[in-house]
Amino acid sequence: MTVMSEPRVPARAVGTDDAVLDIRDLRMRYGATDVLAGVTFAARRGEVIALLGPNGAGKTTTIEILEGFRMRSAGDVSVLGADPARGGEQWRARLGVVLQSWRDHGRWRVRELLAHLGSYYAPYATERIPRPWDVDELVDAVGLSAHAAKRTGQLSGGQRRRLDVAIGIVGRPELLFLDEPTAGFDPEARREFHDLVHRLSDLDETTILLTTHDLDEAEKLADRILVLAGGRIVADGSADQLSRLMSTEAEVRWSRDGQRFVHSTADATGYVRELFRQYGEAVADLEVRRASLEDTYMALVHEFEAGRHDAAVHAFEAQRRGDA
Amino acid sequence: MTVPVVAVRAGLTRGRIEFRNTLTSFQDIWSYLFPAVGVLVAMFFTSGAHVPGTTFSLGSSMLPSVLGMNIAFAGLMNLSQQLVVEREDGTLLRAKAIPDGMIGYLVGKVTQVSAMALLASGLVVVPGVFLVHGLALTGVGSWLTLVWVVVLGLLATMPLGAVIGSMFSTPRNMGLVMLPIMALTATSGIFYPLSQFPAWLQWVGQVFPMYWLGLGMRSALLPGALSAVEIGGSWRHLATLGVLGGWAVAGMVVAPVVLRRMARRESGSSVAARRERAMRQVVR
């Protein structure tokens, strides 16, 4: 993704008129338990944000509050310029929602269901955004053309999921929520789905907030990654920023005379230079690997769980200020 | 508030498609045939019996009563069951996630349940008129009575069904509703004239819409002389209109409030939690 290499503007500097999501100090309390203890983030138009976090971190609660399906305990929340707790139908028409698992409308046929659900959006078409999406084009875009006449109850898990995504975008949403969108996808379907997400964010400027457990997916899709742990955002930045934050060490692997070597170092470039100076042509299979997002994520969550939450956040803030 | 015409139209389409879908399911087709089979069985067991004080076959008099019961069942049971099932499978949440989706959903549900009730009734009335001796579905008057009783009956029972459906979170608890409704059927003069019951049971039966649906149907389909067997010796059209109308108005006031309260609590995690609970019960 080209966007990744551009210098990023810190979320807090986003102008309010351009902010699709603006969440400040969002709190949610069930009984005596704080599920969300002050979540703050924002998103600009066309941005793709991945929300990561261990189970029970509050990802679903956050998304449900933003979708307007759940009341919050406290905090200022603006979604497409409105408070989701009081969003009307006009507001609803600009959102797309893909939840974790549906099995509704099992007797309906794929094309028929999309045409039906799309018809509700027609009165909400605007000059800039024609609604709904053309059904045949949409069926094709999610790769269900061969199954358009099938009953939805007869689709495989992955096909059903693609239908759910299609339903989520049938109204050409300006903001799309995707909860674990690719669970149960085979690699090809996943690749096609990623292309679709890029198309939505690049061409249609759809803002996308997705949750996933697949860190590789988060890295591929998201402009920005938020890590939610213990009801707080413990990291907020691009995959690259996150990796540099958590680990300055890189892993160098090579082989010499058929023997394999691994070495961790803070100065990978210097180490490799030295390696070649010493062994020259004998060095083969060279690989330099920076910490992956997965390593970073695990380290962040681990650090948080070990009770050094504030330290993790501060280290990250310092790192990001250094970047900007 | 302006009426969202598009959503209402979408709801009508929705009702039509859902109704068509029921015709492909064995279970649903059975539910259409059930009242007709019920009448046949009841007539078989009462062959030779007469409506008390007359020479009119008790079996023939049951046919209109069963029609009335069938409308009440459609409104109460069918609607509430569908609501509970569709709450569990996420259909309701889907409607919530779409602009004006709840309006479309409700219009669709009312359309579908009405169409189902009419088809099931047709399957009793049409053969009944030809095969059952003594029915008097003659003249515009009796057809008109039939129509207003059916329409008002559906209006009286469907909001009530929606309220019942909102009170249950899983279809597995719905069995609890069956029992009182069966008891209600027994005290609604469907299979035997209510006038022959003890007075206190007569009062219980007359509070609920099912008795009036049965009475209205009998008034449309039976010869006028049989009104002598009814409570008060009359078809009591005005009272029928009053009681069914009262239930309809009360239902339409209460149902939206209850439905909105129920729908507000629907979210992805509540649907998922219910699903998980259901899975555990299946595994056990």
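Model, not experiment: these values are computed from the prediction.

Asker: Can you tell me about the sheet that holds strand β7 (residues 207-211) of chain A, naming the residues and giving the values?
Answerer: All names here are of chain A. On the basis of which strands lie adjacent, the open sheet formed by six strands has the order β5-β6-β7-β3-β8-β9 and mixed pairing. Taken across any chain shown, the strands that pair with only one partner, and hence form the sheet edges, are β5 (95-98) and β9 (232-237). Between one strand and the next, the sheet's axes are offset by a mean angle of 15°, whatever the strand orientation. Here strand β8 (residues 224-229) pairs with β9 via five bridges, running antiparallel. What sits directly across from A229, in β9, is R232.

Asker: Pulling in residues and values, what's your account of the sheet that holds strand β11 (residues 259-265) of chain A?
Answerer: Strands in a sheet are paired, the pairing made by backbone hydrogen bonds, and the direction either parallel or antiparallel. All names here are of chain A. Pairing is antiparallel across the open sheet formed by three strands, whose spatial order is β11-β10-β12. The open sheet has two edge strands, β11 and β12 (283-290), and neither has a second partner. Each strand axis lies, on average, 15° off the axis of its neighbour in the sheet, ignoring direction. Here six bridges tie strand β10 (residues 250-256) to β12, and the two strands are oriented antiparallel to one another. Among the inter-strand pairings, V252 is bridged to a residue of β12, identified as V288. Against the sheet, helix α9 (residues 268-279) engages β10, β11 and β12, with an angle of about 175° to β12.

Asker: Residue-level account of the packing of helix α3 (residues 58-88) of chain B against helix α9 (residues 209-221) of chain B, with values.
Answerer: Residue and element names in this part refer to chain B. Axis separation between α3 and α9 bottoms out at 7 Å; the angle between their running directions is 140°. In terms of their interaxial angle, α3 and α9 are classed as oblique. Seen from above, α3 lies across α9 with right-handed handedness. Only M210, L213, G214, M217, R218 and L221 of α9 make contact with α3, whose side of the interface consists of S61, L63, P64, S65, L67, G68, M69, I71, A72 and F73. Of the residues contributing to the contact of α3 with α9, the split by class is 11 nonpolar, four polar and one charged.

Asker: Go over the pairing of β8 of chain A, please, and point to the residues and values.
Answerer: All names here are of chain A. The buried fraction of β8 is high, at six of six residues. Along β8, one buried face is formed by R224, L226 and L228 and the opposite face, lined by I225, V227 and A229, is buried too. Strand direction decides the pairing type here: strand β3 (residues 48-52) and β8, joined by four bridges, are parallel. Bridged to A50 within β8 is I225. With antiparallel pairing between neighbouring strands as the criterion, β8 and β9 make up a hairpin whose turn holds two residues, including G230 at a positive phi of roughly 60°.

Asker: Could you give me a rundown of helix α5 (residues 157-169) of chain A, with the residues and numbers involved?
Answerer: Every α-helix carries 3.6 residues per turn, so stepping three or four residues along brings you back to the same face. A rise of 1.5 Å per residue sets the reference length of α5 of chain A, with its 13 residues, at 18 Å; its end C-alpha atoms lie 19 Å apart and thus fit the reference within 8%. For α5 of chain A, the tally of buried residues reaches 12 of 13 residues, placing the bulk of the element in the interior. When we look at burial in α5 of chain A, the residues that qualify are G158, Q159, R160, R161, R162, L163, D164, V165, A166, I167, G168 and I169 of chain A. Buried residues along α5 of chain A sit against β5, α3 (110-119), α4 (135-141), β6 (175-179) and α6 (187-202) of chain A together with α4 (91-96) of chain B.

Conventions used here
Within any chain, residue numbers begin from 1 and follow the written order of that chain's sequence. The lettering of chains begins at A and the numbering of ligands begins at 1, in the order of writing. Note on the predicted model: pLDDT of at least 70 is required for a residue's local features to be given, and 80 or more for side-chain atom pairs to be given and counted; whole-chain, interface and lining totals, by contrast, use all residues. Side-chain calculation: all heavy atoms of the structure are included, whereas hydrogens and water are not. At least two DSSP bridges between two strands are required for those strands to pair. Under the scheme used here, helices are H or I runs from DSSP no shorter than 4 residues and strands are E runs no shorter than 2 residues, and both carry numbers assigned from the N terminus. Note on definitions: angles span 0 to 180 degrees between N-to-C directions of axes, and those axes are lines fitted to C-alpha atoms, for helices only across the stretch in contact. Residues count as neighbours in contact if any of their non-hydrogen atoms are within 4.5 Å of one another. By the definition adopted for this analysis, an angle is roughly parallel if under 35 degrees, roughly antiparallel if over 145, roughly perpendicular if from 65 to 115, and oblique otherwise. Crossing handedness follows the turn of the near helix against the far one: under a right angle anticlockwise gives a left-handed crossing, and clockwise gives a right-handed one. Classification used: nonpolar for Ala, Val, Leu, Ile, Met, Phe, Trp, Tyr, Cys and Pro, charged for Asp, Glu, Lys and Arg, polar for all others including Gly. Throughout, exposure labels follow a simple rule: accessible area from a 1.4 Å probe, protein chains only, divided by the maximum for the residue type, with under 20% read as buried, over 50% as exposed, and the rest as partly exposed. Under the convention used throughout, the expected extent of a helix is 1.5 Å for every residue step, that is, one less than its residue count.

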